[in-house]
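Chain residues, written in single-letter form:
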Amino acid sequence: MPEISQPDGTRLRLARQARGLSQQQLAGVAGVTRQAVSAVESGHSDPSLRVALGLARALGLTVEELFGPGDPGDPVLARPVAAVSEPGSRVALATVGDTFVALPLHAGPAARLGFSPAGGLVAGQAVAGQAVAGGPAGASARRPEPGHLVPVRPIGPPRPTVVVAGCDPALPLLQTPLALLDPPLAFAWWPCGSGEALRLAAAGLVHAAGLHHDDLAGDGPGNGPGNGPGNGPGNGQGAADARAAGRIPGGADVVGFASWREGLVVRPGSAVRGLGDVAGRRLRLVNREPGAQARALLDRERLRLGLDPAELPGYDSRAAGHLQVAAAIVGGLADAGVSSEPAALAYGLDFIPLAAERFDLVLPAKHAASREVQGLLRVLTSPWLLAQLASLPGYDAARCGERVS
């Protein structure tokens, strides 16, 4: 047990504020008085052992982390969900289980519509799980792959955060109800295809992985390593969800989020009736990344029509999500792409349906009892979230929060 002779009231205050707690709320969770919290934060009182233990447990920290020696901004070793840039780059920082996880905030899929608050700054480079402090900036050959350790200097204490990976642009709606919980939870979203989301869940880097696939065929990313067409006939949504859960070490639960239609998105008045017209007229295509269900759906339709990728200009392009596909078409960078009907409606584009899709959340069993997952399950059935999903044209939220498998 560390000696508590010089309490760091600033560290306690930052930890409390990072979690969105008032002094009264923290006191209630810790089983101490508000006056005790105030006295420790102001430096007017040394915490007793009972108070120190109560405050540390309430904040999800050890007594040494909260009151021990050392700079609260000392780097921590985190596992990035994707390769990070040079030292000094911004990341969102969260804990999943006992692991610090870093979500890069560089321009790209994580940038979304504006700058997101950072939880820390990359403090060095890392390879194969060994952090290297300092080092020359821009040494791209040593940028860590996903899952390697990278040193991150926190900007304030990390907050309890629900980390979700997936491609549904409605996922950020979870942020508001999670913040209203008592005590509140933060939210971090990593936009990616279903295959990548499942990989991150299997690696223990997210609390939930978004999986969407065909309502009837069941031939989404859960079918096997191919993550695309040709993996054999599906056995329906339940079987696909069970296969996806089976790819997570220790198993997983699957809960519903939303349903929509997915299909070909084109400019209004283009008179495109299907992928055959896109190929015949040599229209430019915007595609999704390998492992994305939209790409698998495009490939299935391409094979049905007997089309070669070379017949589709832009087949090798990679957009990061449904809204990005629609934005590329509206911006004149492409003429067609596979996306969701809600994305097409949001951008005023024409939509040719190809499949009915269901988007589920795969929750690794090893995190099931965590505060983050329990909070996520609570808000999935909240009237506010259901009303928000129902307000989005093209969304069906009837299954939100329903246990699938």
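What you see is a predicted model, and the numbers here were worked out from it, not measured in a lab. (Residues numbered from 1 in each chain as written. Predicted model: local features only at pLDDT ≥ 70, side-chain atom pairs only at ≥ 80, totals over all residues. Heavy atoms only, no water.)

**Student:** Account for the pattern of salt bridges, with residues named and values stated.
**Tutor:** In total, this model carries 11 salt bridges according to the counting rule given. The salt bridge involving aspartate 253 is made with arginine 403; its shortest N-O contact spans 2.9 Å. Taken as a pair, aspartate 253 in strand β11 (residues 252-266) and arginine 403 in the segment after α14 (383-391) lie far apart in primary sequence, 150 residues in all. Here arginine 288 and glutamate 289 are joined by a salt bridge, their closest N and O atoms 3.1 Å apart. Comparing arginine 288 with glutamate 289, the two get one shared label, buried. It is possible to trace a salt-bridge network through shared partners that takes in Arg267, Arg284 and Asp335. (Salt bridge = Lys/Arg side-chain N within 4 Å of Asp/Glu carboxyl O. Helix = DSSP H or I, 4+ residues; strand = E, 2+ residues; numbered from the N terminus. Buried < 20%, exposed > 50% of the residue type's maximum accessible area, 1.4 Å probe, protein only.)

**Student:** Give me the pairing of strand β1 (residues 76-80): which residues, what numbers.
**Tutor:** Residues Val76, Ala78 and Pro80 of β1 are buried on one face, while the alternating residues Leu77 and Arg79, pointing to the opposite face, are not. As paired elements, β1 and strand β7 (residues 150-154) share three bridges and run antiparallel to each other. Looking across to β7, one finds that valine 76 is bridged to valine 152. (Pairing = 2+ DSSP bridges.)

**Student:** How would you explain the nonpolar core if you had to name every residue and give the values?
**Tutor:** Counting 29 residues, the largest nonpolar core has Leu171, Leu174, Phe257, Leu361, Leu380 and Leu389 as its most contacted members. Secondary structure elements with two or more residues in this core: β8 (161-166), β9 (186-191), β11, β14 (350-364), α13 (371-380) and α14. Aside from chain neighbours lying at most four places away, what touches leucine 171 is Val164, Gly166, Phe187, Trp189, Phe257, Phe359 and Leu361. Counting 28 residues, the second-largest nonpolar core is a separate cluster that includes Ala94, Val163, Ala188 and Ala244. (Core = buried A, V, L, I, M, F, W, Y, C linked by side-chain atoms within 4.5 Å. Contact = heavy atoms within 4.5 Å.)

**Student:** Let's hear about the packing of helix α2 (residues 23-30) against helix α3 (residues 34-42): which residues, and what values?
**Tutor:** The contact between α2 and α3 brings their axes to 8 Å, and the two run at 115°. Relative to α3, the element α2 is oriented roughly perpendicular. Read as a crossing pair, α2 and α3 show a hand that is right-handed. Judged by residue contacts, Gln23, Gln24, Leu26 and Ala27 of α2 engage Arg34, Val37, Ser38 and Glu41 from α3. For the contact of α2 with α3, the residue count by class is three nonpolar, three polar and two charged. (Axes fitted to C-alpha atoms, helices over the stretch in contact; angles between N-to-C directions. Parallel < 35°, antiparallel > 145°, perpendicular 65-115°, else oblique. Left-handed = near helix turned anticlockwise from the far one by under 90°. Nonpolar A, V, L, I, M, F, W, Y, C, P; charged D, E, K, R; others polar.)

**Student:** Go over the packing of α2 against helix α4 (residues 49-59), please, and point to the residues and values.
**Tutor:** Contact geometry of α2 with α4 gives a least axis separation of 8 Å together with a crossing angle of 105°. One finds that α2 runs roughly perpendicular with respect to α4. Contacts between α2 and α4 pair Leu26, Val29 and Ala30 from the former with Gly54, Leu55, Ala58 and Leu59 from the latter. For the contact of α2 with α4, the class distribution of residues is six nonpolar, one polar and no charged.

**Student:** Tell me about the confidence of the model for the protein, residues and numbers included.
**Tutor:** For the protein, per-residue confidence averages 82 on the pLDDT scale, and residues scoring 70 or more make up 81% of the total. For residues 1-7, every residue scores under 50 in pLDDT, and the model assigns this stretch 16 contacts once sequence neighbours within four places are set aside. (pLDDT = per-residue confidence, 0-100.)

**Student:** Give me the lowdown on helix α11 (residues 322-330), citing residues and values where you can.
**Tutor:** If you check which residues of α11 are buried, you get His322, Val325, Ala326, Ala328 and Ile329. Take α11 and look down its axis: the buried residues cluster within an arc of 155°, on one side only. Buried residues in α11 make contact with β10 (208-214), β11, β12 (285-286), β13 (336-340) and α12 (341-347). Count one or two residues on from α11 and you reach glycine 332, which has phi positive near 85°. (Arc of directions from axis to C-beta.)

**Student:** Which residues make up the environment of arginine 399, and what are the values?
**Tutor:** Structurally, arginine 399 is set in the segment after α14. For arginine 399, a relative accessible area of 11% translates into the label buried. Placed 13 residues apart in sequence, arginine 399 and leucine 386 show a C-alpha to C-alpha distance of 9.7 Å. Arginine 399 has contacts with Gly256, Phe257, Ala258, Ser259, Arg358, Asp360 and Val404, leaving out every residue within four places of it along the chain.

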